[in-house]
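So you can see what is in the structure, the chains are spelled out below.
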Amino acid sequence: MMNFKKQTYILAVALLGAPGLALAQSGESTYKQVCAACHGAGVLNAPKFGDKAKWAPLIAEGQVTLTAHGYVGVRGMPAKGGNPNLSIEGFADALVYMVNNSGGNWKSPDVKTIAAINKEVEARKAGLNKKQ
Ligand code: HEC
């Protein structure tokens, strides 16, 4: 019985870590899988991981605004980091990881913050749609 439970647990952990399943992944692993391709080397002038001078004005926009605008996409930055399966929570945690390694000190957003990010995402999309 104990063994069966242990195996089930290991299987569940293995599934959570599988690429493509964006369930409850750590910000670090999402960053490495989705964001690092551009933000690691500064491709297309993406603000580089660890570049405090580049990140300072972005961090100053605040977690709700910056997370929402990044999630919707801006100029060379593709929506959802180019991964259509990436949830707001997954995107937000990857950004927290990047920010905290680039001079900031953010926390994984709580339910209230996620709700505020969602609201800003909708507002941003509505604004973008009007321009087209
Ligand atoms: C295909 C390349 C690419 C990938 C992948 C990518 N980014 Fe970006 N990102 C960019 C570029 C380029 C910019 C700079 C956009 C500009 O200011 O012109 C940017 C800018 C940003 C910004 C600043 C947005 C703003 O309001 O100025 C955030 C936040 C961000 N990225 C987060 C992420 C996160 C989190 C991921 C992974 C989940 C990710 N990016 C994946 C290319 C990428």
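Residues numbered from 1 in each chain as written. Predicted model: local features only at pLDDT ≥ 70, side-chain atom pairs only at ≥ 80, totals over all residues. Heavy atoms only, no water.

> I'm lost on the packing of helix α2 (residues 27–39) against helix α5 (residues 88–100) in this one. Help?
How two helices sit against one another is set out by the angle between their axes and by the gap between those axes. With their axes 8 Å apart at the nearest point, α2 and α5 run at an angle of 75° to one another. Relative to α5, the element α2 lies roughly perpendicular. Touching G27, E28, T30, Y31, C35 and H39 of α2 are G90, D93, A94, Y97 and M98, all from α5. Looking at the contact of α2 with α5 residue by residue, the classes come out as five nonpolar, four polar and two charged. (Axes fitted to C-alpha atoms, helices over the stretch in contact; angles between N-to-C directions. Helix = DSSP H or I, 4+ residues; strand = E, 2+ residues; numbered from the N terminus. Parallel < 35°, antiparallel > 145°, perpendicular 65-115°, else oblique. Contact = heavy atoms within 4.5 Å. Nonpolar A, V, L, I, M, F, W, Y, C, P; charged D, E, K, R; others polar.)

> Explanation requested: unusual backbone geometry in the structure shown.
For residues that are not glycine, phi is negative in most cases, and the peptide bond is trans in most cases. Non-glycine residue L44 carries a positive phi angle of around 60°. Mapped onto the elements of the fold, L44 is located in the loop between α2 and α3 (52–59). For L44, a relative accessible area of 67% translates into the label exposed. (Buried < 20%, exposed > 50% of the residue type's maximum accessible area, 1.4 Å probe, protein only.)

> I would appreciate a short explanation of the nonpolar core in the present structure.
General note: in soluble globular proteins, nonpolar side chains tend to be found buried as a group. Ranked by size, the top nonpolar core spans 21 residues in total, and within it W55, L95, W106 and V121 carry the most contacts. Mapped by element, the contributors of at least two residues to this core are α2, α3, α4 (63–72), α5 and α6 (111–131). Among residues more than four places away in sequence, those in contact with W55 are H39, P47, K48, F49, L66, L95, M98, V99 and S102. (Core = buried A, V, L, I, M, F, W, Y, C linked by side-chain atoms within 4.5 Å.)

> Is there a simple way to think about the packing of α4 against α5 in this case?
Relative orientation of the contacting elements α4 and α5 amounts to 115°, with a least axis distance of 10 Å. Judged by the sense of rotation from one axis to the other, the crossing of α4 with α5 is right-handed. For the pair formed by α4 and α5, the contact residues are Q63, L66, T67, G70 and Y71 on the first element and I88, F91, A92, L95 and V96 on the second. Per-class residue counts for the contact of α4 with α5 are seven nonpolar, three polar and no charged. (Left-handed = near helix turned anticlockwise from the far one by under 90°.)

> Just checking my understanding: could you explain the environment of A115 for this structure?
Within the secondary structure layout, A115 lies in helix α6. Judged by its relative accessible area of 45%, A115 is partly exposed. When the C-alpha positions of A115 and V64 are compared, they lie 9.3 Å apart, and in sequence the two are 51 residues distant.

> Can you walk me through the packing of aromatic side chains in this structure?
Aromatic ring pairs are reported here in terms of the distance separating the ring centres and the angle at which the planes meet. Using the criterion set out here, one finds four aromatic pairs in the structure. When the centroid spacing of 5.5 Å and the interplanar angle of 75° are considered together, the rings of Y71 and F91 count as edge-to-face. Highlighted residues: Y71 in helix α4 and F91 in helix α5, separated in sequence by 20 residues. Overall, Y71 belongs to the buried group, its relative accessible area being 11%. On the accessibility criterion, F91 (7% relative accessible area) is buried. An aromatic cluster of three or more residues is present, and its members are Y31, F49 and Y97. (Phe/Tyr/Trp six-rings, centres within 6.5 Å; stacked < 30°, edge-to-face > 60°.)

> For this particular structure, what's the right way to read the site of the ligand?
Surveying the vicinity of the ligand reveals 21 residues, the closest of which are C35, C38, H39, R75 and M77. One of the side-chain nitrogen or oxygen atoms of H39 is found 2.7 Å away from a nitrogen atom of the ligand. Between the ligand and R75 there is a distance of 2.9 Å, counted from an oxygen atom to a side-chain nitrogen or oxygen. Among the secondary structure elements, those contributing two or more residues to the shell around the ligand are α2, α4 and α5. Here the shell around the ligand takes four residues from α2, the largest share from any one element. (Near = heavy atom within 4 Å. Polar contact = N/O pair within 3.5 Å; in protein donor to acceptor, adjacent residues only side chain to side chain.)

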